[in-house]
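# Per-entry structural report
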Amino acid sequence: MATTDFIAAIELGSSRLMGLAGQKNADGSVNVLAYAYEDARQFVRKGWIFNIDKAQAALNAVVHQLEVQLGSSIAKVYVGIGGQSMRTVMSEIKREMTGEEKISQTLIDDICESNRNHPYAGMNILDFEAQEYDVDGKLVADPVGVTGEHLTAYFLNVVARATMLRNLEQTLEQAKMEYLDIFTLPRA
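Residues numbered from 1 in each chain as written. Predicted model: local features only at pLDDT ≥ 70, side-chain atom pairs only at ≥ 80, totals over all residues. Heavy atoms only, no water.

## What about a nonpolar patch on the surface?
Nonpolar side chains collect at one region of the surface, where Ile7, Leu20, Val30, Val32, Tyr35, Tyr37, Tyr78 and Leu180 lie side by side and expose about 690 Å² of accessible area between them. Here the element with the most residues in the nonpolar patch is strand β3 (residues 30–39); it accounts for four residues. Mapped onto the elements, Leu180 comes out in strand β11 (residues 178–184). (Patch = residues over 30% accessible without salt bridge, like charges linked within 9 Å, V, L, I, M, F, W, Y side chains within 5 Å. Areas by Shrake-Rupley, 256 points an atom, 1.4 Å probe, with all protein chains shown as cover. Salt bridge = Lys/Arg side-chain N within 4 Å of Asp/Glu carboxyl O. Helix = DSSP H or I, 4+ residues; strand = E, 2+ residues; numbered from the N terminus.)

Structure below.
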């Protein structure tokens, strides 16, 4: 089986580091081909890696177990994180137009980029979602093509401690593991 024939994901939890590898079916479901885990209590607390060396050893052990089960090497993984080091924060970005102006996709993209670059002390934005837009006092879900003079975009940002992400990235780098994406997991 070639490396590109499956999807590998690692989930970093406070009690264990889990790995899954599977094949994506035509209907979008995933057929699990391999599963492995290691106890994470020696290196993770509240979703935050506090011992990079132990985390790297556990990550390598999980990936090795997956590779043995698959009979193939894993080059890249998706990484899922959660924990108390993350939270959601609302933000708003305002734009004043020069007179009545039609809102373009370029303007919306610029507003989204401004939100992505919004500074939070000691935190990084992992992901965000536009909740709604206010055009001249009227709420709209998609403002592209709507005319107005005042635009406010409301975002829900998922933020995490910068040190949490830095430690995760150092762990992955030390394990020589390339990641495709880091995604957040909902809290149960």
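## What to know about the pattern of salt bridges
Where charged atoms of side chains with opposite charge meet at close range, the side chains can pair. As enumerated under the stated definition, the model contains four salt bridges in all. Here Lys94 and Glu92 are joined by a salt bridge, their closest N and O atoms 3.6 Å apart. Residue Arg95 is joined to Asp110 by a salt bridge in which the shortest nitrogen-to-oxygen separation is 2.9 Å. Of the two residues, Arg95 sits in strand β7 (residues 86–102) while Asp110 sits in helix α2 (residues 105–116), which places them 15 residues apart along the sequence. The class of Asp110 is partly exposed, set by a relative accessible area of 38%. (Buried < 20%, exposed > 50% of the residue type's maximum accessible area, 1.4 Å probe, protein only.)

## Considerations on α2
For α2, spanning 12 residues, the distance from its first C-alpha to its last is 16 Å, which sits close to the expected 16 Å at 1.5 Å a residue. Taken together, the buried positions of α2 are Leu107, Ile108, Ile111, Cys112 and Asn115. Each buried residue of α2 sits inside an arc of 140° when the element is viewed along its axis, so together they form one side. Turning to α2, the residues buried within the fold contact β7, β8 (123–135) and β10 (147–161). (Expected span 1.5 Å × (residues − 1). Arc of directions from axis to C-beta. Contact = heavy atoms within 4.5 Å.)

## Points about a positive patch on the surface
Taken together, the side chains of Arg45, Lys46, Arg87 and Arg161 make up a positively charged region of the molecular surface. Within the secondary structure, Arg45 sits in strand β4 (residues 44–45). (Lys, Arg positive; Asp, Glu negative; His and termini not counted. Charge placed at Lys NZ, Arg CZ, Asp CG, Glu CD.)

## Side note on the pairing of β8
In the sheet, β8 pairs with β10 via 11 bridges, with the strands oriented antiparallel. Following the sheet pairing, Val135 is matched in β10 by Leu151. Where β8 folds back onto strand β9 (residues 138–140) in an antiparallel hairpin, the turn is made up of two residues, including Asp136, whose phi is positive at roughly 50°. (Pairing = 2+ DSSP bridges.)

## What to know about the sheet that holds β9
With respect to topology, four strands assemble into an open sheet ordered β7-β10-β8-β9, the strand pairing being antiparallel. Only two strands of the sheet have a single neighbouring strand rather than two, namely β7 and β9. In this sheet, adjacent strand axes meet at a mean angle of 35° when their direction is disregarded. With respect to the sheet, α2 is in contact with β7, β8 and β10, its orientation differing from that of β7 by roughly 145°. In the packing of helix α3 (residues 162–174) onto the sheet, the strands contacted are β7, β8 and β10, and the crossing angle to β10 comes to about 60°. (Axes fitted to C-alpha atoms, helices over the stretch in contact; angles between N-to-C directions.)

## Topic: the packing of helix α1 (residues 52–70) against α3
Angle between the axes and distance between the axes are the two parameters that describe a pair of packed helices. For the pair α1 and α3, interaxial distance at closest approach is 9 Å and the crossing angle is 50°. Of the possible angle classes, the one that applies to α1 and α3 is oblique. As α1 packs across α3, the resulting crossing turns out to be right-handed. Contacts between α1 and α3 involve Ile52, Asp53, Ala55, Gln56 and Leu59 from the former and Asn167, Gln170, Thr171, Leu172 and Gln174 from the latter. Here the residues of the contact of α1 with α3 sort into four nonpolar, five polar and one charged. (Parallel < 35°, antiparallel > 145°, perpendicular 65-115°, else oblique. Left-handed = near helix turned anticlockwise from the far one by under 90°. Nonpolar A, V, L, I, M, F, W, Y, C, P; charged D, E, K, R; others polar.)

Fair warning: the whole summary comes from geometry, so function is off the table for now.
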